Amino acid sequence: GYNSNDGMIGISYYYYITESFNKAIKSVETLFSSDCILSDAESSELHNLIGLCYRKKTDFGNAQMHFKLAYEKGKDAAAYYDESGAMANLAKIAYHLLDWDSANEWNRKAISCLQKELSIADDEDYKITLTLFLAEYHRLSAECLIWEGNLNRANEELDEAEKLYAKIQSRDRYYIRYLYTKAFRNILVGDYEEVFDECELLMEKATSSYDKAQILFYRGISAFKLGRIEDCLENAATAYEYAKKIGARLEMEEIIGLISLTDSHNLLSEHLQCYSADVNETIQNWVRYTTSFIKNISRRG
């Protein structure tokens, strides 16, 4: 079999999970350029992995290229799990390009492709893993729909995720994301105080810098909506440090967008000198969109 590759693939994943994205990219590139024989399924898996690293580094061109290769390889191998991962990843790229129709279409395809894998799985542990991933796909779909402002559809997706989590006792590292995406949804509903408090509790459960940055970003938005500018800035500044630690440029820029709404430019000046010159157009457009989206959130009902 191809088991000789497992060690190297495992190391690449380890780098990704520990948020060492440059090391992960290097590790995957080494595998691609070595003379080891990769199956289509392994190849799909690795293209997804390296694409995610480029996505975190906001190199959307390289990310999209690798996700498309992952999709093709996964399809060739009838590896529904890897194919569905590529689709979910292409949806992430599409929605950051503000292409909502494409994003929602890729999300729908990802969910049905993963359901196909689940329907043929016979190992119980594997079924649990797939069910947890299915919940994550519904959450990703909800996140996209929230940013689009489509609250009804976002609620449907979060409900689907909740049903799946209710079916199984185990929780994976994505469960925290389901919880903070629900908090983000609640900001749109106007539950600012509840979200502000809940995010403090979520910080105790979060382990990755990425998740901490997201939680504090949402906490900052809720503080901004409450008119508590000091709280907003404090959370945004800490969120920014977490995002900066892992080089998550898109998230850093989203946070800067939030800070800019408070007219507090002391925090911005250092950042703007270092970075803004080399922020690509995709990020500029996305941040322009998110900043205006945050500004226009108003209590409903």
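Residues numbered from 1 in each chain as written. Predicted model: local features only at pLDDT ≥ 70, side-chain atom pairs only at ≥ 80, totals over all residues. Heavy atoms only, no water.

To continue, consider the overall build of the protein chain. Counting its regular elements, the protein chain contains 15 helices and zero strands. For a compact globule of 301 residues, the expected C-alpha radius of gyration is about 19 Å, and the protein chain comes in at 19 Å, within 12% of that figure. Expressed as lengths along the three principal axes of its C-alpha atoms, the size of the protein chain is roughly 60 × 45 × 35 Å. Out of the 301 residues in the protein chain, the part that is buried amounts to 53%. When the accessible surface of the protein chain is totalled, it reaches about 13,700 Å², and 48% of it is carbon and sulfur. Both charge centroids of the protein chain, one from 34 positive and one from 48 negative side chains, sit 2 Å from each other. (Helix = DSSP H or I, 4+ residues; strand = E, 2+ residues; numbered from the N terminus. Rg over C-alpha atoms; globule rule 2.2 N^0.38 Å. Buried < 20%, exposed > 50% of the residue type's maximum accessible area, 1.4 Å probe, protein only. Areas by Shrake-Rupley, 256 points an atom, 1.4 Å probe, with all protein chains shown as cover. Lys, Arg positive; Asp, Glu negative; His and termini not counted. Charge placed at Lys NZ, Arg CZ, Asp CG, Glu CD.)

What follows is about the confidence of the model for the protein chain. In this model, the protein chain carries an average pLDDT of 92, and 93% of its residues clear a pLDDT of 70 or more. Within the protein chain, the element-level pLDDT minimum falls on helix α14 (residues 266–274), averaging 57, and the maximum on helix α10 (residues 192–205), averaging 98. (pLDDT = per-residue confidence, 0-100.)

This next bit is on helix α2 (residues 21–33). The end-to-end C-alpha separation of α2 is 18 Å, in line with the 18 Å expected for 13 residues at 1.5 Å each. Within α2, burial applies to Phe21, Ala24, Ile25, Ser27, Val28 and Leu31. In an axial view of α2, the angular spread of the buried residues amounts to 165°, which keeps them on one side of the axis. Residues of α2 that are exposed and point more than 90 degrees away from the buried face comprise Asn22, Lys26 and Ser33. (Expected span 1.5 Å × (residues − 1). Arc of directions from axis to C-beta.)

In the contact formed by helix α5 (residues 80–96) and helix α7 (residues 124–148), the axes pass within 11 Å of each other and the chain directions differ by 15°. With respect to α7, the element α5 is oriented roughly parallel. Crossing geometry of α5 relative to α7 is assigned as left-handed. Of the residues in α7, those touching α5 at Tyr81, Ser84, Gly85, Ala88, Lys92 and Tyr95 are Tyr126, Leu130, Phe133, Tyr137, Leu140, Glu143, Cys144 and Trp147. When the residues that make up the contact of α5 with α7 are grouped by side-chain class, the tally is 10 nonpolar, two polar and two charged. (Axes fitted to C-alpha atoms, helices over the stretch in contact; angles between N-to-C directions. Parallel < 35°, antiparallel > 145°, perpendicular 65-115°, else oblique. Left-handed = near helix turned anticlockwise from the far one by under 90°. Contact = heavy atoms within 4.5 Å. Nonpolar A, V, L, I, M, F, W, Y, C, P; charged D, E, K, R; others polar.)

Glancing now at the packing of aromatic side chains. Enumeration over the complete set of coordinates arrives at 20 aromatic pairs. Centre to centre, the rings of Tyr180 and Tyr218 are 5.9 Å apart; their planes meet at 55°, and the pair counts as tilted. Linking Tyr180 in helix α9 (residues 175–189) with Tyr218 in helix α11 (residues 209–225), this pair joins segments that are 38 residues apart in sequence. The lysine or arginine in question, Arg219, covers the ring of Phe196, its NZ or CZ lying 3.8 Å from the ring centre. (Phe/Tyr/Trp six-rings, centres within 6.5 Å; stacked < 30°, edge-to-face > 60°. Lys NZ or Arg CZ within 6 Å of the ring centre and 35° of its normal.)

Turning our attention to the pattern of salt bridges. Oppositely charged side chains may form a pair once their charged atoms are brought near each other. Summed over all chains, the structure comprises 13 salt bridges. The salt bridge involving Arg139 is made with Glu136; its shortest N-O contact spans 2.8 Å. You can see Arg139 and its partner Glu136 sitting in helix α7, three residues apart, about one turn around the helix. Of the residues examined, Arg139 reaches a relative accessible area of 3% and is grouped as buried. Among the residues examined, Glu136 registers a relative accessible area of 4% and is labelled buried. The residue Glu160 makes a salt bridge to Lys163 at a minimum N-O spacing of 3.3 Å. In this pair, Glu160 and Lys163 are both assigned in helix α8 (residues 151–167), three residues apart and thus about one turn of the helix distant. Residues joined by salt bridges that share partners form a network here, namely Glu136, Arg139 and Glu143. (Salt bridge = Lys/Arg side-chain N within 4 Å of Asp/Glu carboxyl O.)

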